[in-house]
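The lines below spell out each chain.
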Amino acid sequence: MKPALRTLCLCALLAALSIAAPPVHAEIETARDLMEAGDYAAAMRELRLAARAGNAEAEELIGVLYALGLGVARDDRRAFEWYLRAAMKGHAGAQSGVGWYFETGRGLTAPDLVRAYLWYALSAIGGDPDAAISQEEVAKKMTAAQIKEAHALIDDYRVWLYPFR
């Protein structure tokens, strides 16, 4: 295929994808407006559309709705799962939320301080200003061996989630 034709085909494909892709940013802004107005069920519908497109911000906000029982029955297990989806995409706020769930054990079988420390540290790396404080607080409950284990996990995750930090 000639370079000019290949470029034209690529441009056509990108244009088609942009037309077919949902306006994720608009859905999130609409959802935030609906949440502010107290219409959590409608906000959830908007957020699910954006989450289906893989948007971490939408996934984190769905976690918030389940965590607080806004427009849905409060469900710590589902909240954790939504936070985890966003956290694995590098969403610092969701990472802090995952850390909190591991620290408290809510929605899980038991607390896991090593993983709480891990997720708080990743959140701090990602820019969450409160995560370092949470990391320090959970460290007070841990042994030196647990902190060492957490740092090994941090090294594993950091290169994947934050390759340039």
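Residues numbered from 1 in each chain as written. Predicted model: local features only at pLDDT ≥ 70, side-chain atom pairs only at ≥ 80, totals over all residues. Heavy atoms only, no water.

1. Digging into the packing of aromatic side chains
Okay, so step 1: Enumeration over the complete set of coordinates arrives at five aromatic pairs.
Okay, so step 2: Centre to centre, the rings of F80 and F102 are 5.3 Å apart; their planes meet at 85°, and the pair counts as edge-to-face. Taken together, the positions of F80 in helix 5 (residues 76–87) and F102 in helix 6 (residues 92–104) put the pair 22 residues apart, joining distant regions of the chain.
Okay, so step 3: Ring centres 5.9 Å apart and planes at 45° place the aromatic pair Y83 and Y101 in the tilted group. Residue Y83 is located in helix 5, and its partner Y101 is located in helix 6; the two are separated by 18 residues in the primary sequence.
Okay, so step 4: Overall, the relative accessible area of 9% leaves Y83 in the buried class.
Okay, so step 5: By relative accessible area, which is 2% here, Y101 ends up buried.
Okay, so step 6: Feature note: the residues F80, Y83, W100, Y101 and F102 constitute an aromatic cluster, connected by ring pairs.
Okay, so step 7: Across the ring face of W82, the terminal group of R85 is positioned such that the distance to the ring centre comes to 4.0 Å. (Phe/Tyr/Trp six-rings, centres within 6.5 Å; stacked < 30°, edge-to-face > 60°. Helix = DSSP H or I, 4+ residues; strand = E, 2+ residues; numbered from the N terminus. Buried < 20%, exposed > 50% of the residue type's maximum accessible area, 1.4 Å probe, protein only. Lys NZ or Arg CZ within 6 Å of the ring centre and 35° of its normal.)

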